[in-house]
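Residue-level structure breakdown
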Amino acid sequence: MSFVSYEFIGFLAVLILLYYLLPKRFQWGFLLIGSLFFYAFSGWKNLIFIATTALSTWGTALLLERIWKKQDAYLAEHKELNRDEKKAYKKTVTKNAKAIFVLCLLFNLGILAVIKYADFFLENVNHIFGTKFSYFGFLLPLGLSFYMFQSLGYVIDVYRRKYPAQRNLGKSALFTCFFPQMIQGPISRYDDLSGTLFAEHSFNGKEFFYGLLRVVWGFFKKLVIADRLAPVILTLTKDADSYPGVYVAANIIFYAIQLYGDFTGGIDITIGISRMLGIRVTENFDRPYFSKNVAEYWRRWHITMGTWFKDYIFYPLSVSGWMLKVTKWSRKHLGAQLGKRIPVYLSTIIVWFATGIWHGAAWNYIVWGLLNCLVLLVSQEFNPLYRKFHEKCAFSNTRFWDGIQILRTFLLMGMIRILDVYRDVPLTFRMVGSIFTTPNWGAVTDGSFLKLGINPADYVVAALGFLALFVVSLLRSKGTAEELLEKRPVIVRYGLLLLLILCVVTFGAYGIGYDASQFIYNQF
């Protein structure tokens, strides 16, 4: 059941109505039922996978909490133990807890690996060794990567004793399968989401209005901008060799706009629905296309994914036992300066490899991740030069130079991101190279772009939609939409909502002749 379907709108309307009519103590339970009903629409067999993750993470968290409580109780009762005895006891307990914890991780990540990556592995084995292993042909369950990472983050936090385990199986399951997050995240943390997810909520007109406004704004970005450009990108990529040079440059820009409208539109719908229910979900974007460098870009884009990889992979990896041995060896044999960099480089490369393959079982995504890693590491090494440049060149501290940096980052990230679009890595590099070898700039003025699946009116609608998006992004530097609108009369606020609804209904790419596409990140 896609967010951009009449079925979903009907489902949401009924769910919200019953949610506020029910006694408040039943609200979280009703959300669980609604979430499972929503998930069943993707295939009832997929319920087996999400139930497996929910049960295993709930049970593991309870076991870990029991182990830690037992340890605390034992130490409190045996104060006669000396430091070495306490240390030995803690080491034994930690070893047992770690075994259970690792088993849970391997079990769930094993499911993810088999379903998502088994065919990719066999494909490469067949290619390298000339074998003919048959493929499994598994269909990826809806939101598998998102809900699994979210649930495993919860288990990791309980293992780290950040907070106690959730004893109620139903509430733990709701955290795993809360339906607005099923399509494309965000990847919420338990301590951030649980406070409002399980609480009792009375209907709040103000909260409902701003939630609905956020939902409609998400539909605007998805249907008026992203899906309007989708036919162009499809045309430019399905027969890529026929569209080199300037077409590739246009594809980079169009896809950057489409992906942003599609992904942030979906997140807006998620956050808006949650707010209509009285639930607060973590923001996932902070105007990433206004970033001045790649590091800043990744602090602003898909924030919850970035912080997940940083907190649960990069930091633990950086201080792990074997990485400390690598650090010691590097400093001894490669010198202090290079030696201290090697562990950081290794951790960063591993994290970006994992980030790439998380996005998809294809070399395109792996190369995409490693290219981001390369740019980040190179930029980090050149930081001292950048600082000297800014100190000595006054114009580097002007708004004009800020604009140059923003444009540079946008185009660089767009060129790397185009790996999402073309069918393989060699083709992608060949097409990007054609921008410089066979530019074909005449196609801009000879009407060729009017033969790419949309007409001039579609281009105008997409351009005006993007302009609206750009203006709203600029205004966000002065505060959130709520902060800005609260200063306006009620008629302005409701007039804006009505205008957005009319724009979506009038200019959205749906209905006869259109097929509102699934969200791009749904495939990840």
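Here, every reference points to the structure presented above.
Residues numbered from 1 in each chain as written. Predicted model: local features only at pLDDT ≥ 70, side-chain atom pairs only at ≥ 80, totals over all residues. Heavy atoms only, no water.

1. Describing the layout of surface pockets
- Within this model, the largest pocket holds a volume of roughly 1300 Å³.
- Lining of the largest pocket is provided by 46 residues; of these, Leu213, Trp217, Val472, Arg476 and Ala481 occupy positions nearest its centre.
- Listing elements by their share of the lining of the largest pocket, those giving two or more residues are helix H8 (205-238), helix H9 (246-276), helix H18 (456-475), helix H19 (481-485) and helix H20 (490-507).
- Its residues assigned to classes, the lining of the largest pocket shows 26 nonpolar, 8 polar and 12 charged.
- Each pocket or cavity is described by its volume, and for the second largest pocket that value is around 1000 Å³. (1 Å grid on protein atoms, 1.4 Å probe; cavity = no way out; pocket = protein on both sides within 12 Å on 5 of 7 lines; lining within 4 Å. Points joined across faces, edges and corners; volume = space filled by probe spheres on them. Helix = DSSP H or I, 4+ residues; strand = E, 2+ residues; numbered from the N terminus. Nonpolar A, V, L, I, M, F, W, Y, C, P; charged D, E, K, R; others polar.)

2. Topic: empty space enclosed by the protein
- Counted under the stated rule, the structure contains 2 cavities of 30 Å³ or more.
- In this structure, the second largest cavity encloses a volume near 30 Å³.
- No other element matches the 3 residues that helix H5 (residues 144-159) contributes to the lining of the second largest cavity.
- Tallied by class, residues from the lining of the second largest cavity come to 4 nonpolar, 4 polar and no charged.

3. Observations concerning the side chain of serine 274
- With respect to the element layout, serine 274 can be found in helix H9.
- On the accessibility criterion, serine 274 (0% relative accessible area) is buried.
- Apart from the residues lying within four places of it in its own chain, the contact partners of serine 274 are Phe178, Pro180, Ile279 and Val281. (Buried < 20%, exposed > 50% of the residue type's maximum accessible area, 1.4 Å probe, protein only. Contact = heavy atoms within 4.5 Å.)

4. Notes on the packing of helix H3 (residues 46-77) against helix H6 (residues 169-177)
- The geometry of H3 relative to H6 is characterised by a closest axis approach of 9 Å and an angle of 125° between their N-to-C directions. When the axis of H3 is compared with that of H6, the two are oblique. In terms of crossing hand, the pair formed by H3 and H6 is right-handed. Along its contact with H3, which presents Ile50, Thr53, Ala54, Leu55, Thr57 and Trp58, the element H6 presents Leu169, Ser172, Ala173, Thr176 and Cys177.
- Looking at the contact of H3 with H6 residue by residue, the class counts come to 7 nonpolar, 4 polar and no charged. (Axes fitted to C-alpha atoms, helices over the stretch in contact; angles between N-to-C directions. Parallel < 35°, antiparallel > 145°, perpendicular 65-115°, else oblique. Left-handed = near helix turned anticlockwise from the far one by under 90°.)

Just geometry here; none of it tells us what the structure is for.
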